[in-house]
Amino acid sequence: MENKKAIKQFFDFNKNSFNNVYNTINLFQEQLENGIKQGLDKAVWLPKEGKEAVTEWIGACKQGREEYKNSVDSGFQKVQTFFNA
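Residues numbered from 1 in each chain as written. Predicted model: local features only at pLDDT ≥ 70, side-chain atom pairs only at ≥ 80, totals over all residues. Heavy atoms only, no water.

A. Quick peek at the packing of helix α1 (residues 2-42) against helix α2 (residues 48-84). Where α1 meets α2, the axes come as close as 11 Å, and the angle between the chain directions of the two elements is 170°. One way to sum up the angle between α1 and α2 is to call them roughly antiparallel. (Axes fitted to C-alpha atoms, helices over the stretch in contact; angles between N-to-C directions. Helix = DSSP H or I, 4+ residues; strand = E, 2+ residues; numbered from the N terminus. Parallel < 35°, antiparallel > 145°, perpendicular 65-115°, else oblique.)

Written out as structure tokens, the structure is:
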């Protein structure tokens with residue numbers, strides 16, 4: 001029982017660490033996206049199709065981050081279920 005408690009503490013630490021790092025990276029990437037969007041608005045040399053491609057790329061990156069977070073959260077939830085059993 002004592003081992004399960006120690007493992008649970010280790011799990012909680014890792015989950016919190018992941019969430020903190022993810023949130024920091026997400027904030028950084030959102031700021032970068034805002035900078036890119038501002039740059040696109042001023043980029044008169046870039047055709048409309050190019051701007052649309054960059055905007056789609058930004059959306060794909062954001063969707064990828066969200067899918068990754070959901071996948072990791074799903075894994076954490078499965079482990080959490082184990083500890084609650």
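B. How the structure looks around α1. In this model α1 runs 61 Å from its N-terminal to its C-terminal C-alpha over 41 residues, within 8% of the 60 Å that 1.5 Å per residue would give. Along α1, the residues classified as buried are Phe-11, Phe-18, Asn-19, Tyr-22, Asn-26, Glu-33 and Leu-40. Residues of α1 that are buried make contact with α2. (Expected span 1.5 Å × (residues − 1). Buried < 20%, exposed > 50% of the residue type's maximum accessible area, 1.4 Å probe, protein only. Contact = heavy atoms within 4.5 Å.)

C. The packing of aromatic side chains, seen in detail. Summed over all chains, the structure comprises six aromatic pairs. Taking the centre distance of 5.7 Å and the plane angle of 40° together, the rings of Phe-11 and Phe-83 count as tilted. Of this pair, Phe-11 sits in helix α1 while Phe-83 sits in helix α2; the two residues are 72 residues apart in sequence, bridging distant segments of the chain. Taking 6.0 Å as the distance between ring centres and 25° as the angle between the ring planes, the aromatic pair formed by Phe-18 and Tyr-22 counts as stacked. Highlighted residues: Phe-18 and Tyr-22, both in helix α1, separated by four residues, approximately one helical turn. We classify Phe-18 as buried; its relative accessible area is 17%. An aromatic cluster of three or more residues is present, and its members are Phe-11, Phe-18, Tyr-22, Tyr-68, Phe-76, Phe-82 and Phe-83. It is Lys-4 that lies over the ring of Phe-82; its NZ or CZ is 5.3 Å from the centre. A cation sits over an aromatic face here: Lys-69 above Tyr-22, 5.5 Å from the ring centre. (Phe/Tyr/Trp six-rings, centres within 6.5 Å; stacked < 30°, edge-to-face > 60°. Lys NZ or Arg CZ within 6 Å of the ring centre and 35° of its normal.)

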